[in-house]
Amino acid sequence: MTELAIGQVAARTGLSVHALRFYEKEGLLAAAVKRDANGRRVYTEQDVDWLVNCTKFRASGMPLATIREFAELVRQGPGNEEKRLELLREHQNTVRDRIAELADCLELISRKVEVYEEHVARGTADGLWR
């Protein structure tokens with residue numbers, strides 16, 4: 001099993017060393033981080049995969065409390081998959097709603113861009129929003 005130093009994990013996940021320590025302290029990891037003989041953190045490929053998932057969860061707006069709850073369920077082991085699925089479905093619905101909201105915003109912005117492009121091309125943009 002390959003062991004990775006915290007700096008290597010930071011480079012691979014895009015998380016800072018500080019963020020990795022924070023994730024560990026806050027109980028956001030699926031497994032305890034092991035230490036080498038010198039007391040330095042060592043990570044596995046499975047830890048990296050988990051952290052990549054966490055970054056996607058965060059980028060999609062999942063609260064740290066939900067990631068913590070999900071991680072705790074994973075640490076507990078088999079038998080709570082329905083609860084994990086429920087957390088993921090709830091977040092999936094939240095993300096879908098946000099995507100729909102952003103699509104609506106993008107449509108409005110795209111219409112405004114078209115209007116501005118037309119006015120700028122005609123030299124009549126100075127009259128917009130007066």
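The structure reproduced in this document is the subject of the present report. (Residues numbered from 1 in each chain as written. Predicted model: local features only at pLDDT ≥ 70, side-chain atom pairs only at ≥ 80, totals over all residues. Heavy atoms only, no water.)

### Structural notes on the packing of helix α1 (residues 6-13) against helix α2 (residues 17-25)
Okay, so step 1: The contact between α1 and α2 brings their axes to 9 Å, and the two run at 100°. By the angle class used here, α1 and α2 are roughly perpendicular. Here I6, G7, V9, A10 and T13 of α1 come into contact with α2, specifically with V17, L20 and R21.
Okay, so step 2: Taken together, the residues that form the contact of α1 with α2 break down as 5 nonpolar, 2 polar and 1 charged. (Axes fitted to C-alpha atoms, helices over the stretch in contact; angles between N-to-C directions. Helix = DSSP H or I, 4+ residues; strand = E, 2+ residues; numbered from the N terminus. Parallel < 35°, antiparallel > 145°, perpendicular 65-115°, else oblique. Contact = heavy atoms within 4.5 Å. Nonpolar A, V, L, I, M, F, W, Y, C, P; charged D, E, K, R; others polar.)

### Topic: the nonpolar core
Okay, so step 1: Ranked by size, the top nonpolar core spans 24 residues in total, and within it V9, L20, Y23, Y43, W50 and L51 carry the most contacts.
Okay, so step 2: Of all the elements in the fold, those that place two or more residues in this core are α1, α2, α3 (45-59) and α4 (64-76).
Okay, so step 3: Looking at this core element by element, the count peaks at 5 residues for α3.
Okay, so step 4: Residue contacts for L20: discarding those within four places in its chain leaves I6, V9, A10, T13, L15, Y43 and L51. (Core = buried A, V, L, I, M, F, W, Y, C linked by side-chain atoms within 4.5 Å. Buried < 20%, exposed > 50% of the residue type's maximum accessible area, 1.4 Å probe, protein only.)

### Some remarks on the pattern of salt bridges
Okay, so step 1: By the definition in use, this model includes 11 salt bridges.
Okay, so step 2: Between E69 and K83 there is a salt bridge whose closest N-O contact spans 3.5 Å. With E69 in helix α4 and K83 in helix α5 (residues 81-122), this pair connects stretches of sequence that are 14 residues apart.
Okay, so step 3: Of the residues examined, K83 reaches a relative accessible area of 31% and is grouped as partly exposed.
Okay, so step 4: E86 is the partner of K83 in a salt bridge, and the nearest nitrogen-oxygen pair spans 3.7 Å. One end of the pair is K83 and the other is E86, both in helix α5 and 3 residues apart, which spans about a single turn.
Okay, so step 5: One salt-bridge network, in which partners are shared between bridges, spans E24, R35 and R41. (Salt bridge = Lys/Arg side-chain N within 4 Å of Asp/Glu carboxyl O.)

### A few points about the packing of α3 against α4
Okay, so step 1: As a packed pair, α3 and α4 sit with axes 10 Å apart at the nearest point and diverge in direction by 150°. One finds that α3 runs roughly antiparallel with respect to α4. Note that α3 runs across α4; the crossing there is right-handed. Each of W50, C54, F57 and R58 in α3 lies in contact with α4, whose residues at this interface are L64, I67, F70, A71 and V74.
Okay, so step 2: Looking at the contact of α3 with α4 residue by residue, the classes come out as 8 nonpolar, no polar and 1 charged. (Left-handed = near helix turned anticlockwise from the far one by under 90°.)

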